[in-house]
Amino acid sequence: MTINRRQFLLQSSATLAALATIKQRALAKALEITSIKDLYKDDFYIGTAIGDRQMHEANPKFMNLVAKEFNAVTMENSMKWERVHPRPGKWNWELADKFMDFADKHKMFKVGHVLVWHSQVPSWVFQDEAGKPLDKNALLARMRGHIGKIAGRYAGRMNSWDVVNEAIDEDKGWRKSPWFNIIGPDFMDYAFNFARETDSSAQLVYNDYNMHNPGKRAFLVDYIRKAKKRGVPIQGVGLQGHVGLDFPDISEFEASLKAYAAEGMRLHITELDLDVLPVAWEFSGAEISASFEYSDKINPYPNGLPAKVEQQLTDRYVEFFKLFLKYRDHIDRVTFWGVSDKNSWKNDFPVKGRTNYPLLFDRNFERKPCYDAIAKLKI
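Residues numbered from 1 in each chain as written. Predicted model: local features only at pLDDT ≥ 70, side-chain atom pairs only at ≥ 80, totals over all residues. Heavy atoms only, no water.

Draft legend 1. Representation of the overall build of the protein within the structure. Helix and strand content of the protein: 13 helices and 9 strands. Looking at the protein residue by residue over its 379 residues, the buried ones come to 55%. Taking as baseline every contact in the protein between residues at least 6 positions apart, the subset at least 24 positions apart corresponds to 78%. Counting only carbon and sulfur atoms, one obtains 50% of the accessible surface of the protein, whose full area is about 17,300 Å². (Helix = DSSP H or I, 4+ residues; strand = E, 2+ residues; numbered from the N terminus. Buried < 20%, exposed > 50% of the residue type's maximum accessible area, 1.4 Å probe, protein only. Contact = heavy atoms within 4.5 Å. Areas by Shrake-Rupley, 256 points an atom, 1.4 Å probe, with all protein chains shown as cover.)

Quick look at the structure:
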């Protein structure tokens, strides 16, 4: 039987299509039986943040998903000063303890967030009994007492602490927070030293947003170099990954990874989510005191994400994960700021009532195309 050229090409095309289908099915099956943490286990931890409500409710479907897909966890709010230490002498340990027990049970990398921050701190922290500002020594004593209490409670169990959060004000140097105004620029040295004297084993990290900003990068690199000479035990830098479809410039983000790694810092991608909505501000950071009025114009996808935008989201996540893999020798952890789109803070920040799609799982806790695309980088 003679097969002409046209028949041969048709048969070859059919064979290739069949092979492609088999390959796709094999990939789908591989993704079905594995998890993102397992795929990246030789590169870095894959983490998530758990909200207070999710920790309190401990919905089995949610908690099982966290345990299956992630091997690092951060408590979103319950270790922040206003939650865990709302009044002098008053400590709320229930959710923080529950978080630690859950993470220990599943042998997860635990991140304490956060010891010293200008936000979500009760006003009494900076005042005496008469409501007047504390002096330097009094505030240092208060800082040391707080760090000693919370870091001491979990010493030997906590793997990493965000010791200081968001202390640099873009291109303006130190943020003029009460910590800076009362103690001075060495407040960060004190925070790291107090953390180390309390816990000898946890990794100590500085965490901030807009870490692609060249001015912020240069300021932090200068601080790290001088702090290391002073013996300050800073060991890592956390780069909050609050990114969008077209910001930041990924080359600037890479420049920061390279610069901090060159200073001997371990790198943590700490709060990764990908905003697909129109920006409500020119500033693309995470200053939580800002808010903007709702309008339909800045909430264009209330009923679902168009296929074109879904593909942009997927491609952008792949772009960042290829970068993370490039620096895998320096990166300890990549943590998503939440589990599913349903519970993301990006639905309400900086504009309440919007519908956003920034994470790997949809509102029904199903894997999204961006999950599959990131997973396929490792299959």
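Draft legend 2. Representation of the nonpolar core within the structure. Formed by 107 residues in total, the largest nonpolar core has its most connected members in W161 and F321. With 8 residues, helix α12 (residues 307–326) is the largest single contributor of residues to this core. With residues near it in sequence (within four places) discarded, W161 still touches M79, G112, H113, L115, I150, A151, Y154, D199, A202, Q203, L204 and V205. (Core = buried A, V, L, I, M, F, W, Y, C linked by side-chain atoms within 4.5 Å.)

Draft legend 3. Structural context of the pairing of strand β9 (residues 331–336). The buried fraction of β9 is high, at 6 of 6 residues. As defined by bridge partners, strand β1 (residues 45–50) adjoins β9 across 4 bridges and the pair is classed as parallel. Paired with Y45 across the strands is R333, a residue of β9. Across 4 bridges, strand β8 (residues 266–275) lies against β9 in parallel orientation. (Pairing = 2+ DSSP bridges.)

Draft legend 4. Region of interest: the pairing of strand β2 (residues 72–75). Residues A72 and T74 point to one face of β2 and V73 and M75 to the other, with burial holding for every one of them. By the bridge criterion, 4 bridges tie β1 to β2 in an arrangement that is parallel. Bridge pairing links G47 to A72 in β2. Note: β2 against strand β3 (residues 109–117), 3 bridges, orientation parallel. When the bridges of β3 are listed, T74 appears paired with V111.

Draft legend 5. Here's a closer look at the packing of aromatic side chains. Summed over the entire model, instances satisfying the criterion amount to 22 aromatic pairs. Pairing F70 with F361 gives two aromatic rings, centres 6.5 Å apart and planes at 65 degrees, and the pair type is edge-to-face. Remark: F361 occurs in the loop between β9 and α13 (369–376) and F70 occurs in the loop between α4 (60–69) and β2; sequence separation between them is 291 residues. Overall, the relative accessible area of 2% leaves F70 in the buried class. (Phe/Tyr/Trp six-rings, centres within 6.5 Å; stacked < 30°, edge-to-face > 60°.)

Draft legend 6. Region of interest: the pattern of salt bridges. Inspection of every chain in the model, using the stated rule, returns 24 salt bridges. A salt bridge links D42 to K41; the shortest N-O distance between them is 3.6 Å. Considered together, D42 and K41 belong to a single accessibility category, that of exposed residues. Residues E197 and R144 are paired through a salt bridge, measuring 2.6 Å at the closest nitrogen-oxygen approach. Residue E197 is found in helix α9 (residues 187–198), and its partner R144 is found in helix α7 (residues 136–153); the two are separated by 53 residues along the sequence. Residue E197 is classed as partly exposed on the basis of its relative accessible area, which comes to 46%. With a relative accessible area of 43%, R144 lands in the partly exposed category. (Salt bridge = Lys/Arg side-chain N within 4 Å of Asp/Glu carboxyl O.)

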